[in-house]
Amino acid sequence: VEPDDAEARLGTATHAVLLGVHGRPMFPGWINAGHDADAITLAAAAWRVEYDDLAPLCYAGWRCWEQVRQFFPEPKTEVEIISPSLTGHVDVLSLSGHPKVAVICDAKTGRRDDDPEQQQRGYAWLACTMFGATSAQACVIWVRSQQVDWFGPWSREELEAAEYQRTERERAQDAAQSAQQEEALARRSDELRRTITYEVFDSRSNLSALALLLLIA
(Lines give C-alpha, C1' and ligand atoms only; values in the text may rest on other atoms or scores of the structure.)
Protein backbone atom coordinates (compact mmCIF):
# COMPACT_ATOMS: atom_id res chain seq x y z
CA VAL A 1 0.00 0.00 0.00
CA GLU A 2 1.45 3.34 -1.02
CA PRO A 3 1.71 5.77 1.91
CA ASP A 4 -0.13 9.10 1.52
CA ASP A 5 2.24 11.22 3.59
CA ALA A 6 4.99 12.84 1.51
CA GLU A 7 7.67 12.14 4.11
CA ALA A 8 6.60 8.51 4.32
CA ARG A 9 6.67 8.19 0.51
CA LEU A 10 10.19 9.60 0.49
CA GLY A 11 11.29 7.01 3.06
CA THR A 12 9.66 4.20 1.10
CA ALA A 13 11.31 5.34 -2.14
CA THR A 14 14.72 5.47 -0.42
CA HIS A 15 14.25 1.92 0.86
CA ALA A 16 13.23 0.79 -2.62
CA VAL A 17 16.43 2.16 -4.15
CA LEU A 18 18.71 0.80 -1.45
CA LEU A 19 17.01 -2.49 -0.54
CA GLY A 20 14.85 -3.35 -3.52
CA VAL A 21 11.18 -4.32 -3.65
CA HIS A 22 10.03 -7.93 -3.80
CA GLY A 23 8.00 -8.61 -6.94
CA ARG A 24 9.20 -5.46 -8.73
CA PRO A 25 12.25 -6.32 -10.88
CA MET A 26 12.85 -2.68 -11.73
CA PHE A 27 13.87 -2.18 -8.09
CA PRO A 28 16.47 -4.89 -7.32
CA GLY A 29 18.13 -2.63 -4.73
CA TRP A 30 21.64 -1.26 -4.69
CA ILE A 31 22.65 -3.58 -1.85
CA ASN A 32 21.67 -6.58 -3.98
CA ALA A 33 22.58 -5.43 -7.48
CA GLY A 34 25.05 -2.59 -7.07
CA HIS A 35 24.78 1.13 -7.57
CA ASP A 36 22.48 2.24 -10.41
CA ALA A 37 21.63 5.94 -10.70
CA ASP A 38 18.57 5.22 -12.88
CA ALA A 39 16.86 3.60 -9.89
CA ILE A 40 16.48 7.04 -8.28
CA THR A 41 14.59 8.39 -11.28
CA LEU A 42 12.29 5.35 -11.37
CA ALA A 43 11.62 5.48 -7.62
CA ALA A 44 10.92 9.22 -7.68
CA ALA A 45 8.24 8.66 -10.31
CA ALA A 46 6.81 5.54 -8.68
CA TRP A 47 6.38 7.13 -5.24
CA ARG A 48 5.65 10.68 -6.43
CA VAL A 49 8.58 12.40 -4.74
CA GLU A 50 11.07 14.96 -5.99
CA TYR A 51 14.30 13.58 -7.46
CA ASP A 52 16.28 16.31 -5.69
CA ASP A 53 14.84 15.19 -2.33
CA LEU A 54 15.35 11.49 -2.98
CA ALA A 55 18.85 11.43 -4.47
CA PRO A 56 20.69 12.84 -1.40
CA LEU A 57 19.04 10.28 0.88
CA CYS A 58 19.91 7.40 -1.44
CA TYR A 59 23.55 8.42 -1.72
CA ALA A 60 23.78 9.05 2.02
CA GLY A 61 22.35 5.60 2.70
CA TRP A 62 24.78 4.05 0.22
CA ARG A 63 27.75 5.70 1.91
CA CYS A 64 26.60 4.31 5.25
CA TRP A 65 26.22 0.86 3.72
CA GLU A 66 29.77 1.08 2.40
CA GLN A 67 30.91 1.52 6.01
CA VAL A 68 29.24 -1.68 7.26
CA ARG A 69 29.03 -4.01 4.26
CA GLN A 70 32.15 -5.91 5.36
CA PHE A 71 30.09 -7.31 8.26
CA PHE A 72 27.44 -8.72 5.89
CA PRO A 73 29.11 -11.45 3.81
CA GLU A 74 25.80 -12.82 2.53
CA PRO A 75 23.26 -10.00 2.80
CA LYS A 76 19.55 -10.66 2.27
CA THR A 77 17.20 -7.69 2.11
CA GLU A 78 13.60 -7.19 3.21
CA VAL A 79 13.52 -10.33 5.38
CA GLU A 80 10.30 -11.05 7.29
CA ILE A 81 10.90 -12.84 10.58
CA ILE A 82 8.03 -14.23 12.64
CA SER A 83 7.48 -15.96 15.97
CA PRO A 84 4.28 -16.72 17.91
CA SER A 85 4.79 -13.66 20.12
CA LEU A 86 6.64 -11.20 17.88
CA THR A 87 7.06 -10.31 14.22
CA GLY A 88 9.57 -8.12 12.44
CA HIS A 89 10.73 -6.93 9.05
CA VAL A 90 14.51 -6.70 8.79
CA ASP A 91 16.07 -4.45 6.16
CA VAL A 92 19.27 -6.49 5.83
CA LEU A 93 20.15 -9.84 7.41
CA SER A 94 23.33 -11.87 7.09
CA LEU A 95 23.81 -15.39 8.49
CA SER A 96 27.30 -16.81 8.42
CA GLY A 97 29.91 -18.77 10.34
CA HIS A 98 29.99 -21.91 12.45
CA PRO A 99 28.39 -21.54 14.90
CA LYS A 100 25.97 -19.33 12.99
CA VAL A 101 25.98 -15.59 13.70
CA ALA A 102 23.18 -13.23 12.66
CA VAL A 103 24.00 -9.64 11.72
CA ILE A 104 21.15 -7.18 11.18
CA CYS A 105 21.03 -3.77 9.53
CA ASP A 106 18.12 -1.36 9.91
CA ALA A 107 18.07 1.73 7.68
CA LYS A 108 16.09 4.62 9.12
CA THR A 109 15.25 7.62 6.95
CA GLY A 110 13.33 9.51 9.65
CA ARG A 111 14.64 11.95 12.19
CA ARG A 112 16.82 10.62 14.96
CA ASP A 113 14.45 10.92 17.91
CA ASP A 114 14.25 7.51 19.54
CA ASP A 115 16.34 4.71 21.02
CA PRO A 116 16.19 1.70 18.70
CA GLU A 117 18.09 -0.77 20.90
CA GLN A 118 15.01 -2.61 22.18
CA GLN A 119 13.67 -2.99 18.63
CA GLN A 120 17.02 -4.31 17.40
CA ARG A 121 17.21 -6.75 20.29
CA GLY A 122 13.80 -8.06 19.28
CA TYR A 123 14.97 -8.51 15.68
CA ALA A 124 18.08 -10.31 16.93
CA TRP A 125 15.99 -12.69 19.04
CA LEU A 126 13.75 -13.45 16.07
CA ALA A 127 16.77 -14.12 13.85
CA CYS A 128 18.24 -16.53 16.40
CA THR A 129 14.89 -18.27 16.87
CA MET A 130 14.06 -18.63 13.17
CA PHE A 131 17.49 -19.39 11.76
CA GLY A 132 19.24 -21.13 14.62
CA ALA A 133 21.91 -18.48 15.18
CA THR A 134 23.81 -18.70 18.46
CA SER A 135 24.47 -14.96 18.66
CA ALA A 136 23.47 -11.74 16.93
CA GLN A 137 24.32 -8.09 16.61
CA ALA A 138 22.62 -5.20 14.87
CA CYS A 139 23.43 -1.83 13.37
CA VAL A 140 21.14 1.09 12.66
CA ILE A 141 21.92 3.37 9.73
CA TRP A 142 20.62 6.90 10.27
CA VAL A 143 20.44 7.96 6.65
CA ARG A 144 19.90 11.69 7.14
CA SER A 145 22.81 12.18 9.53
CA GLN A 146 24.94 9.41 7.95
CA GLN A 147 25.61 7.87 11.35
CA VAL A 148 25.79 4.18 12.23
CA ASP A 149 25.00 2.77 15.68
CA TRP A 150 25.92 -0.78 16.66
CA PHE A 151 24.12 -2.88 19.28
CA GLY A 152 25.19 -6.19 20.77
CA PRO A 153 26.54 -8.70 20.24
CA TRP A 154 24.07 -10.74 22.25
CA SER A 155 24.15 -14.44 22.91
CA ARG A 156 21.00 -16.42 22.22
CA GLU A 157 20.61 -16.98 25.97
CA GLU A 158 20.73 -13.24 26.65
CA LEU A 159 18.12 -12.62 23.98
CA GLU A 160 15.83 -15.35 25.31
CA ALA A 161 16.05 -13.87 28.81
CA ALA A 162 15.27 -10.37 27.51
CA GLU A 163 12.32 -11.68 25.50
CA TYR A 164 10.96 -13.51 28.55
CA GLN A 165 11.18 -10.29 30.58
CA ARG A 166 9.42 -8.37 27.81
CA THR A 167 6.53 -10.83 27.61
CA GLU A 168 6.21 -10.84 31.41
CA ARG A 169 6.01 -7.03 31.44
CA GLU A 170 3.37 -7.07 28.74
CA ARG A 171 1.41 -9.75 30.60
CA ALA A 172 1.51 -7.69 33.80
CA GLN A 173 0.46 -4.55 31.93
CA ASP A 174 -2.44 -6.40 30.27
CA ALA A 175 -3.55 -7.79 33.65
CA ALA A 176 -3.43 -4.33 35.24
CA GLN A 177 -5.38 -2.83 32.34
CA SER A 178 -8.02 -5.57 32.55
CA ALA A 179 -8.36 -5.01 36.31
CA GLN A 180 -8.84 -1.26 35.75
CA GLN A 181 -11.47 -1.91 33.09
CA GLU A 182 -13.33 -4.34 35.35
CA GLU A 183 -13.21 -1.85 38.22
CA ALA A 184 -14.56 0.93 35.99
CA LEU A 185 -17.33 -1.34 34.72
CA ALA A 186 -18.27 -2.30 38.28
CA ARG A 187 -18.44 1.38 39.30
CA ARG A 188 -20.58 2.20 36.28
CA SER A 189 -22.92 -0.72 37.01
CA ASP A 190 -23.27 0.40 40.64
CA GLU A 191 -24.01 3.98 39.58
CA LEU A 192 -26.60 2.76 37.09
CA ARG A 193 -28.23 0.53 39.71
CA ARG A 194 -28.50 3.43 42.18
CA THR A 195 -29.92 5.69 39.48
CA ILE A 196 -32.60 3.15 38.53
CA THR A 197 -33.49 2.56 42.20
CA TYR A 198 -33.86 6.31 42.82
CA GLU A 199 -36.03 6.78 39.72
CA VAL A 200 -38.32 3.91 40.70
CA PHE A 201 -38.64 5.27 44.25
CA ASP A 202 -39.29 8.78 42.92
CA SER A 203 -41.98 7.46 40.55
CA ARG A 204 -43.72 5.63 43.39
CA SER A 205 -43.58 8.78 45.54
CA ASN A 206 -45.24 10.79 42.76
CA LEU A 207 -48.00 8.20 42.37
CA SER A 208 -48.69 8.27 46.10
CA ALA A 209 -48.95 12.04 46.10
CA LEU A 210 -51.33 11.95 43.11
CA ALA A 211 -53.56 9.40 44.84
CA LEU A 212 -53.71 11.54 47.96
CA LEU A 213 -54.73 14.60 45.92
CA LEU A 214 -57.50 12.62 44.24
CA LEU A 215 -58.84 11.51 47.64
CA ILE A 216 -58.83 15.04 48.92
CA ALA A 217 -60.61 16.30 45.83
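You'll find the structure just up there.
Since the model is a prediction, treat every value here as computed from it, not as a measurement. (Residues numbered from 1 in each chain as written. Predicted model: local features only at pLDDT ≥ 70, side-chain atom pairs only at ≥ 80, totals over all residues. Heavy atoms only, no water.)

## As for the side chain of Asp 149
Then, in step 1: Position of Asp 149 among the secondary structure elements: in strand E5 (residues 147–155).
Then, in step 2: Polar contacts involving the side chain of Asp 149 include one to the side chain of Arg 112, which spans 2.4 Å.
Then, in step 3: Within the structure, Asp 149 has its side chain in polar contact with the side chain of Trp 142 (distance 3.0 Å).
Then, in step 4: When residues no more than four places from it in sequence are discounted, the contact partners of Asp 149 are Arg 112, Ala 138, Cys 139, Val 140 and Trp 142. (Helix = DSSP H or I, 4+ residues; strand = E, 2+ residues; numbered from the N terminus. Polar contact = N/O pair within 3.5 Å; in protein donor to acceptor, adjacent residues only side chain to side chain. Contact = heavy atoms within 4.5 Å.)

## Some details on the packing of aromatic side chains
Then, in step 1: All told, the structure shown has five aromatic pairs when counted by the stated rule.
Then, in step 2: Ring centres 5.6 Å apart and planes at 45° place the aromatic pair Trp 30 and Tyr 59 in the tilted group. Of this pair, Trp 30 sits in helix H2 (residues 30–33) while Tyr 59 sits in helix H4 (residues 51–68); the two residues are 29 residues apart in sequence, bridging distant segments of the chain.
Then, in step 3: Ring pairing ties together the aromatic residues Trp 30, Tyr 59 and Trp 62, which thus form one cluster. (Phe/Tyr/Trp six-rings, centres within 6.5 Å; stacked < 30°, edge-to-face > 60°.)

## Quick notes on the side chain of Asp 106
Then, in step 1: Along the chain, the position of Asp 106 falls in strand E3 (residues 101–108).
Then, in step 2: Look at Asp 106 and you get buried, because its relative accessible area is 6%.
Then, in step 3: Within the structure, the side chain of Asp 106 is placed 2.9 Å from the side chain of Gln 120, a separation counted as a polar contact.
Then, in step 4: Residue contacts for Asp 106: discarding those within four places in its chain leaves Asp 91, Gln 119, Gln 120, Tyr 123, Cys 139, Val 140 and Ile 141. (Buried < 20%, exposed > 50% of the residue type's maximum accessible area, 1.4 Å probe, protein only.)

## Some thoughts on the packing of helix H1 (residues 6–19) against H4
Then, in step 1: Contact pair H1 / H4: the axes reach a minimum separation of 9 Å and the direction vectors enclose 45°. The angle between H1 and H4 falls in the class oblique. Where H1 crosses over H4, the two elements pack in a sense that is right-handed. Together, Leu 10, Ala 13, Thr 14, Val 17 and Leu 18 of H1 and Asp 53, Leu 54, Leu 57, Cys 58, Gly 61 and Trp 62 of H4 make up the contact between the two elements.
Then, in step 2: For the contact of H1 with H4, a count of residues per class yields eight nonpolar, two polar and one charged. (Axes fitted to C-alpha atoms, helices over the stretch in contact; angles between N-to-C directions. Parallel < 35°, antiparallel > 145°, perpendicular 65-115°, else oblique. Left-handed = near helix turned anticlockwise from the far one by under 90°. Nonpolar A, V, L, I, M, F, W, Y, C, P; charged D, E, K, R; others polar.)

Read these as layout, nothing more, since geometry by itself doesn't imply function.
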